[in-house]
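Examining the three-dimensional arrangement
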Amino acid sequence: MPLEALRADITPAGLHYVLIHYDVPFLDESTHALSLEGFDRPLSLTLDELRSRPSVTMPATFECAGNGRALFDARPFSQPWLLEAVGTAEWSGTPLAGVLHDAGVPGGTGELLFTGVDRGVEGGEEQSYERALSLEEAMRDEVLLVYAMNGRALPPQHGGPLRLLVPGWYGMTNVKWLARITALSAPYEGYQNAVAYRLRTDPDERGEPVSRMRVRSLMAPPGIPTFPERERVVPSGQTTLEGRAWSGTAPIERVEVSVDGCERWADAALEPAPSPYAWHRWTFDWTATPGIHEVACRATDADGVTQPLEAEPNLGGYANNAVHRVRVSVTDRPRRISAS
Ligand SMILES: Nc1nc2c(c(=O)[nH]1)N[C@H]1C(S)=C(S)[C@@H](COP(=O)(O)O)O[C@H]1N2
Ligand SMILES: [Mo]
């Protein structure tokens, strides 16, 4: 997502970031079905059946766990995101809990496994993209089986015709091209849970699993860019800085802005979020004086956790929620370029 799209409450589908481990499968929505296996009453649900169930439409923000990876000093070998792997869409679907209730969750189920249609080879292992989630998290009211995005059928690159949405969690949880849910009685040890998406500083340690999104804010690039360097040029005088803030762990309480290279901070104006699972807009009025400045934003959540100036590095390059810093060049009156 180009960061100027932080100006929109709802990210247009064509600007929402896309992350795909393998290939986009092209599925026929008239024949695609979701099967539930290992339940008391195994079910197979078509898209029509899912759409006829209770429907919820909810703005929700998620970001890739690797967002900011390329800003770590040692760049891990993976998708080299700078800061663009985040977006907010209006997702429509049916609550997962209702479907699980109909299928009957067997006693002793600790986790559910969500399997996508896409297959690839990763870490030397041929696999389907699949992730397990604890039954407790999966049963939360806001967890949806999603079939529409921004009021239209879910596009192929975002998992159409059906994906999982677990608001508050990093993106890898939201399994696309969802084909199967399996009730598990033993802890899952598959690749995307046990090997990938772990916070490790030593390749031999097991590491903590990556789960909910850390508190974070980003700024829409102020002023106008130079091409091709993409440095920011801002006219001197009054300007409004703006951006978004979100957290998957506790509500956002505060956003602060610094216009002097993170020496001093002042409160930004924080707007209410369009849903408990979507980002807040923030604004900050700045009187810009000519020269080079570094502007920055940082958010704090209701647990009292504030974004760090630098995030702890880890081998996967996950969960980099460091303060967003932007260098701007403030100029007196923009130069006029004559057309002749
Ligand atoms: N089946 C499947 N689901 C998937 C993935 C994938 O590669 N295959 N990528 C995951 C990751 S890492 C992210 S960040 C999100 C991205 O969702 P988006 O492309 O709709 O933004 O989808 C997740 N779901
Ligand atoms: Mo991701």
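Residues numbered from 1 in each chain as written. Chains lettered and ligands numbered in written order. Predicted model: local features only at pLDDT ≥ 70, side-chain atom pairs only at ≥ 80, totals over all residues. Heavy atoms only, no water.

Re the site of ligand 1
Neighbouring ligand 1 are 20 residues, the closest being His21, Asp118, His158, Arg163 and Lys176. The side chain of aspartate 118 places a nitrogen or oxygen atom 2.7 Å from a nitrogen atom of ligand 1. In the environment of ligand 1, a nitrogen atom lies 3.1 Å from a nitrogen or oxygen atom belonging to the backbone of asparagine 174. Residue classes in the shell around ligand 1 are distributed as 11 nonpolar, 6 polar and 3 charged. (Near = heavy atom within 4 Å. Polar contact = N/O pair within 3.5 Å; in protein donor to acceptor, adjacent residues only side chain to side chain. Nonpolar A, V, L, I, M, F, W, Y, C, P; charged D, E, K, R; others polar.)

Focus on the domain arrangement of the chain
Domain boundaries in the chain define domain 1 (3–209) and domain 2 (216–331). Taking only C-alpha atoms, the centre of domain 1 and the centre of domain 2 are 28 Å apart. Facing the 36 residues of domain 1 at the interface are 25 residues of domain 2. Summed over both sides, the interface of domain 1 with domain 2 buries roughly 2,800 Å², with 59% coming from carbon and sulfur. When residues of domain 1 are sorted by the area they lose upon contact with domain 2, Leu6, Arg7 and Phe72 head the list and together hold 26% of the total. At the boundary of domain 1 and domain 2, one finds 3 salt bridges. Of the charged contacts, one joins arginine 244 and aspartate 9 as a salt bridge, the two residues approaching to 2.9 Å between their closest N and O atoms. If you look at where domain 1 meets domain 2, you find 19 residue pairs in polar contact (both at pLDDT 80 or more). With 5 residues, strand β3 (residues 56–63) is the largest single contributor of residues to the side of domain 1 that touches domain 2. (Domains from an automatic or database assignment. Contact = heavy atoms within 4.5 Å. Buried area = accessible area lost by both parts, 1.4 Å probe. Salt bridge = Lys/Arg side-chain N within 4 Å of Asp/Glu carboxyl O. Helix = DSSP H or I, 4+ residues; strand = E, 2+ residues; numbered from the N terminus.)

A word on the environment of arginine 131
Within the secondary structure, arginine 131 sits in strand β6 (residues 125–134). Its relative accessible area of 5% is what places arginine 131 among the buried residues. Taking the C-alpha atoms as reference points, arginine 131 and serine 275, separated by 144 residues in sequence, lie 26 Å from one another. Setting aside its immediate chain neighbours within four residues, arginine 131 contacts Leu112, Leu113, Phe114, Met172, Thr173, Val175, Gln192, Asn193, Tyr197 and Val210. (Buried < 20%, exposed > 50% of the residue type's maximum accessible area, 1.4 Å probe, protein only.)

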